[in-house]
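Chain by chain, the residues run as shown.
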Amino acid sequence: MRKSTVAIVGRPNVGKSTIFNRLVGERISIVEDTPGVTRDRIYAKAEWLNTDFNIIDTGGIDLSDEPLLVQVREQAEIAIHEADVIIFLVNGREGITSADEEVAKILYRSNKPVVLAVNKVDSYEMQHLIYEYYALGFGQPFPISGTHGLGLGDLLDEVVKHFPDRSNEIEDEDRIYFSLIGRPNVGKSSLVNAILGVDRVIVSDIEGTTKDAVDTSFTREGRDFTIIDTAGMRKRGKVYETTEKYSVLRAMKAIERSDVALILIDADTGIREQDKKIAGYAHDAGRAIVIVVNKWDTVESSQDAMKEFEQEIRKQFQFLSYAPIVFLSAKTKKRLHTLLPKIVMAGENHAKRVKTNVLNEVIEDALAVNPTPSIKGQKLKILYTTQVAAKPPTFVVFVNDPQLMHFTYERFLENRIREAFGFEGTPVNIYARRRN
Ligand code: GDP
Ligand code: GDP
């Protein structure tokens, strides 16, 4: 089931980043006593009462070159676009400011649920501070303290109440959900159009998402596909839409809902640092991956050029050794026909389950070729192996002592499993567990 998303909005220095870190439960971004500190992560998983959700710190989308009112306005719009529930954060020690009113005005116009939180209420004696904030018009204000971790439970109880009901959202097991991710201008929109060009396009507004987030479904050769969030790629000229943080945020949200992520690389400009970052998110999320080198029409086409580019990709994206590479041009449609078969292959491998008895035969053969190692006179013993999950394929190897499973041996087993079952396009997880 799709997770709900919560966004924190509010003018600078009210404590958004402090609260974000509290809710995420790790100290991941650095909060200093200087306003506008840079934050690394602005989108993360959180959990409350067994409900998983995602949380966005809109303050982390750096618009600091813009006037304050433009910043708060755009951050409020991001929250409206991206979130199911909005936490509107104010500073209990400063009263209502004109920037708070500006945020409020934008939030009134949306029909997203807003929960008002008054931060920096560091003790019970300070609770009376909240009354003034009823005037903002969002009902009961929740007193909280980011630095002391007070009031967050009550706030989250309220937030969770407003999550949309997704119990009747059906996920079609045979359908392949994929997304196109990559830097601005690599050709994502062009490639979506090229893929859809010859098909009857069914555009469906999925409930609970904004007008902008539209998935596109199509059928080809008897298979159903859905492209995640294509309309969201359209540029509409807001300041934040061109920021790197925002494009990463969009990419992460799209990856999360996909089976297969297409990592687009621009053949014309070559591989950039940001390409690797984006690919890293897809890999970490455990999605199947196809690397697409777009704009191949701009390169003098030859077998050598392709080989060279492929070698460069393999060198720069070592963690994606399982991902197939497709060279094409969204513009001329050359080699476009090679793409969907790779998406299907990656999607099928990602969902694949193998039989336990065949799996154990493969492991036994592997052990015969390359016996288990010993560490300090202790020999690793493998009892049996089982696939515990798909999407991505996840295996548990039961052993006498997981400490004895060296990562090089784990890598060896992974390679044997890959050779035997063909998991091209998908990451594979292997865990060693103790069993006596
Ligand atoms: P942001 O700009 O809205 O993300 O605000 P930050 O999270 O960076 O916090 C701004 C300042 O307020 C920092 O100096 C924090 O230490 C401080 N702060 C955050 N939460 C609280 C709180 O609950 N009580 C007090 N007294 N200070 C806080
Ligand atoms: P997006 O920002 O990733 O969605 O990229 P767009 O689809 O908007 O494309 C950015 C620019 O690259 C546009 O000017 C496109 O016409 C151009 N473009 C996209 N695909 C190709 C291609 O295969 N070859 C060439 N030469 N240009 C392309």
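Reading guide: rules and limits
- Residues numbered from 1 in each chain as written.
- Chains lettered and ligands numbered in written order.
- Predicted model: local features only at pLDDT ≥ 70, side-chain atom pairs only at ≥ 80, totals over all residues.
- Heavy atoms only, no water.
- Helix = DSSP H or I, 4+ residues; strand = E, 2+ residues; numbered from the N terminus.
- Rg over C-alpha atoms; globule rule 2.2 N^0.38 Å.
- Buried < 20%, exposed > 50% of the residue type's maximum accessible area, 1.4 Å probe, protein only.
- Areas by Shrake-Rupley, 256 points an atom, 1.4 Å probe, with all protein chains shown as cover.
- Lys, Arg positive; Asp, Glu negative; His and termini not counted.
- Charge placed at Lys NZ, Arg CZ, Asp CG, Glu CD.
- Pairing = 2+ DSSP bridges.
- Contact = heavy atoms within 4.5 Å.
- Axes fitted to C-alpha atoms, helices over the stretch in contact; angles between N-to-C directions.
- Parallel < 35°, antiparallel > 145°, perpendicular 65-115°, else oblique.
- Left-handed = near helix turned anticlockwise from the far one by under 90°.
- Nonpolar A, V, L, I, M, F, W, Y, C, P; charged D, E, K, R; others polar.
- Domains from an automatic or database assignment.
- Near = heavy atom within 4 Å.
- Polar contact = N/O pair within 3.5 Å; in protein donor to acceptor, adjacent residues only side chain to side chain.
- Phe/Tyr/Trp six-rings, centres within 6.5 Å; stacked < 30°, edge-to-face > 60°.
- Lys NZ or Arg CZ within 6 Å of the ring centre and 35° of its normal.
- Salt bridge = Lys/Arg side-chain N within 4 Å of Asp/Glu carboxyl O.

(A) Seen up close, the overall build of the protein. Looking only at helices and strands, the protein features 11 helices and 18 strands. Relative to the compact-globule value of 22 Å for 436 residues, the protein shows a C-alpha radius of gyration of 25 Å, a close match. Principal-axis analysis of the C-alpha atoms gives the protein an extent of 75 × 60 × 40 Å. Evaluated residue by residue, the protein yields a buried proportion of 52% over its 436 residues. Roughly 21500 Å² of accessible area belongs to the protein as shown, and the carbon and sulfur atoms make up 48% of that amount. Here the protein contributes 58 positively and 62 negatively charged side chains, and the mean placements of these two sets differ by 3 Å.

(B) A look at the sheet that holds strand E6 (residues 142–143). If you trace the six strands from one edge of the open sheet to the other, you get E2-E3-E1-E4-E5-E6, paired in mixed fashion. Edge positions in the sheet fall to strand E2 (43–48) and E6, since each of these pairs with one other strand and no more. Pairing analysis gives six bridges linking E2 to strand E3 (residues 51–57), with the strands arranged antiparallel. Within E3, the residue paired with Trp48 across the bridge is Thr51. Helix-sheet contacts for helix H2 (residues 68–82) involve strand E1 (4–9), E3 and strand E4 (85–91), and the interaxial angle to E1 is about 170°.

(C) Looking closely at the packing of helix H6 (residues 244–256) against helix H7 (residues 273–284). Where H6 contacts H7, the axes come no closer than 9 Å and their chain directions differ by 30°. Here H7 runs roughly parallel to H6, going by the angle between their axes. The handedness of the crossing between H6 and H7 is right-handed. Each of Glu244, Ser247, Val248, Met252 and Ile255 in H6 lies in contact with H7, whose residues at this interface are Gln274, Lys277, Ile278, Tyr281 and Ala282. When grouped by side-chain class, the residues that make up the contact of H6 with H7 number six nonpolar, two polar and two charged.

(D) Representation of unusual backbone geometry within the structure. Cis peptide bonds are those with omega within 30 degrees of zero, and the linkage from Lys391 to Pro392 qualifies with 0°. If you trace the backbone, Pro392 turns up in the loop between strand E16 (382–389) and strand E17 (394–399). The residue Lys295 is not glycine, and still its phi comes out positive at about 65°. The class for Lys295 is partly exposed, based on a relative accessible area of 24%.

(E) Main features of the domain arrangement of the protein. Per the domain assignment, the segments of the protein are domain 1 (4–161), domain 2 (176–349) and domain 3 (356–434). Each of domain 1 and domain 3 has a C-alpha centre, and these two points are 45 Å apart.

(F) How the structure looks around the site of ligand 2. Lining the immediate environment of ligand 2, one finds 16 residues, of which Asn185, Lys188, Ser189, Ser190 and Asp297 sit closest. Here an oxygen atom of ligand 2 sits 3.1 Å away from a polar atom, N or O, in the side chain of Ser329. For ligand 2, an oxygen atom lies 2.9 Å from a polar atom in the backbone of Ala330. Against a free-state accessible area of 570 Å², the protein chains account for coverage of 76% of ligand 2. Among the elements that take part in the shell around ligand 2, helix H5 (residues 188–196) stands out by supplying three residues, more than any other. Of the residues belonging to the shell around ligand 2, the class tally is three nonpolar, seven polar and six charged.

(G) Representation of the packing of aromatic side chains in the model. Inspection of the entire model under this criterion finds 16 aromatic pairs. Grouping aromatic residues by their ring pairs yields a cluster made of Phe88, Tyr108 and Phe138. Against the face of Phe423 rests Lys352, its NZ or CZ located 5.3 Å from the ring centre. Looking at Arg435, its charged tip hangs above the ring of Phe398, at a distance of 4.5 Å from the centre.

(H) Molecular detail of helix H1 (residues 16–24). Here H1 lies mainly inside the structure; eight of its nine residues are buried. Listing the buried residues of H1 in full gives Lys16, Ser17, Thr18, Ile19, Phe20, Asn21, Leu23 and Val24. On its buried side, H1 packs onto E1, E2, E3, E4, strand E5 (114–119) and helix H4 (152–161). A positive phi of about 85° marks Gly25, the residue just after H1.

(I) Representation of the pattern of salt bridges. Within the structure shown, the criterion is met by 21 salt bridges. Ionic pairing is found between Lys3 and Glu256, a salt bridge with its closest N-O pair at 4.0 Å. On the criterion of sequence distance, the pair formed by Lys3 in the segment before E1 and Glu256 in helix H6 is long-range, its members being 253 residues apart. Using a relative accessible area of 23% as the deciding quantity, one classes Lys3 as partly exposed. Overall, Glu256 belongs to the partly exposed group, its relative accessible area being 24%. Each of Arg11, Glu94 and Asp100 takes part in a single network of salt bridges with overlapping partners.

(J) A look at the side chain of Gln71. One can find Gln71 in helix H2. Excluding residues within four positions of it along the chain, Gln71 makes contact with Pro12, Leu63, Ser64 and Glu66.

(K) Geometry of the sheet that holds E16. Taking strand neighbours across the sheet as the criterion, the three strands line up as E16-E17-E18 in an open arrangement whose pairing is mixed. This sheet does not close on itself; its edge strands, each paired only once, are E16 and strand E18 (429–434). Averaged over all neighbouring strand pairs, the angle between strand axes comes to 25°, with direction disregarded. As judged from the six bridges shared by E16 and E17, these two strands associate in the antiparallel manner. Each bridged residue has a counterpart across the sheet, and for Ala389 the counterpart in E17 is Thr394.

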